[in-house]
Amino acid sequence: MITLWGRRNSGNVQKVLWALHELDLPHVRERVGGSFGGNHDADFLAMNPMGLVPVIRDGDVTMFESNAIVRYLSARYRPGVLRPEDHRHLAMAEQWMDWQQNAFGAPVTTIFLNTVRVTPDKRNAAAVADAEKRAFEALKIADEHLSRHDWFAGPMFSFGDIVMGVFLWRYLGLDCAKPDMPHVAEWLEALERREGFRLAVMDVPRARDLADWGRIEHEFG
Ligand SMILES: N[C@@H](CCC(=O)N[C@@H](CS)C(=O)NCC(=O)O)C(=O)O
């Protein structure tokens, strides 16, 4: 049985929960991180010296880094379901997977941490303005790709859609200017038809401020 350490309102944990659902993998989850704490205990740090969630244990494998976890699960279980078997589609899925972390996830996290996770007096306005610009430009690139393809890997749903879907959902809940992105919107409608997306992502409300975030964490754990 796979064990996942993390809290449900973490986007990076949501990626793993969604992948586990798509791969139909039974698992148990330990609530760790945020107000649940535990992520700086010695036994947790032995699994992830960064003190961050998610972490998984699958038999003799213990690992951290959400995108790597999703890749690992997709390669080990039901290959072809989330990890394309055609090399061209695999290449696209892998490319957008890394792009999610760097080009899109990073600015979304900066906006989120500065606007939702701190009180207004602690916000770094310059960092937020820069991140808003970067996220805006990144989504124009994603929209262009999705104008030519149904999914990030091309013709099939893949792990690339999971990691992008989680962060797009988070971005949509943030109060900032967003580009016109009709193809991203169409792709999101397709995601919304997937049970894994609804259970792992949509069912956990998006926090708009610090008080909201704490409440959601406690209600949805
Ligand atoms: N690059 C890492 C980032 C992990 C990360 O930043 N996790 C956050 C939650 S999204 C965390 O553990 N924050 C501390 C906490 O929850 O206490 C990944 O993708 O897994």
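Scroll up to find the structure.
All of these numbers come straight from a predicted model, not from anything done at the bench.

Novice: Whenever I open this one, the site of the ligand confuses me. Can you help?
Specialist: With respect to spatial proximity, the complete set of residues near the ligand consists of Arg7, Ser10, Asn12, Gly33, Gly34, Asn39, Leu52, Val53, Pro54, Glu65, Ser66 and Gln101. Contact between the ligand and asparagine 39: an oxygen atom at 3.0 Å from a side-chain N or O atom of the residue. In the complex, 76% of the free accessible area of the ligand, which totals 500 Å², lies under the protein chains. Of all the cavities here, the one that holds the ligand is the largest pocket. Along the lines of polarity and charge, the residues of the shell around the ligand split into three nonpolar, seven polar and two charged.

Novice: I would appreciate a short explanation of the sheet that holds strand S4 (residues 61–64) in the present structure.
Specialist: Whether parallel or antiparallel, the strands of a sheet pair through hydrogen bonds between backbone atoms. Across the sheet, four strands lie side by side as S2-S1-S3-S4; this open sheet has mixed pairing. Of all strands in the sheet, those bounded by a partner on one side alone are strand S2 (27–30) and S4. Neighbour to neighbour, the strand axes of the sheet diverge by 15° on average, direction disregarded. The pairing of strand S3 (residues 55–58) with S4 spans four bridges and is antiparallel. Note that in S4 the partner of valine 55 across the bridge is phenylalanine 64. Sheet strands in contact with helix H1 (residues 11–22) are strand S1 (2–5), S2 and S3, and its direction is about 155° off that of S1. Running over the sheet, helix H3 (residues 66–76) touches S1, S3 and S4 and is turned about 140° from S4.

Novice: Is there a simple way to think about the layout of surface pockets in this case?
Specialist: To find leftover empty space, one rolls a probe the size of a water molecule over the atoms. Reported here for the largest pocket is a volume of approximately 610 Å³. Those elements that place two or more of their residues in the lining of the largest pocket are H1, helix H4 (87–115) and helix H6 (159–172). Taken together, the residues of the lining of the largest pocket sort by class into 11 nonpolar, 14 polar and four charged.

About the thresholds
Residues numbered from 1 in each chain as written. Predicted model: local features only at pLDDT ≥ 70, side-chain atom pairs only at ≥ 80, totals over all residues. Heavy atoms only, no water. Near = heavy atom within 4 Å. Polar contact = N/O pair within 3.5 Å; in protein donor to acceptor, adjacent residues only side chain to side chain. Areas by Shrake-Rupley, 256 points an atom, 1.4 Å probe, with all protein chains shown as cover. 1 Å grid on protein atoms, 1.4 Å probe; cavity = no way out; pocket = protein on both sides within 12 Å on 5 of 7 lines; lining within 4 Å. Sits in = over half its atoms within 2 Å of the grid points. Nonpolar A, V, L, I, M, F, W, Y, C, P; charged D, E, K, R; others polar. Pairing = 2+ DSSP bridges. Helix = DSSP H or I, 4+ residues; strand = E, 2+ residues; numbered from the N terminus. Axes fitted to C-alpha atoms, helices over the stretch in contact; angles between N-to-C directions. Contact = heavy atoms within 4.5 Å. Points joined across faces, edges and corners; volume = space filled by probe spheres on them.

By themselves, these observations are geometric and do not establish any function.
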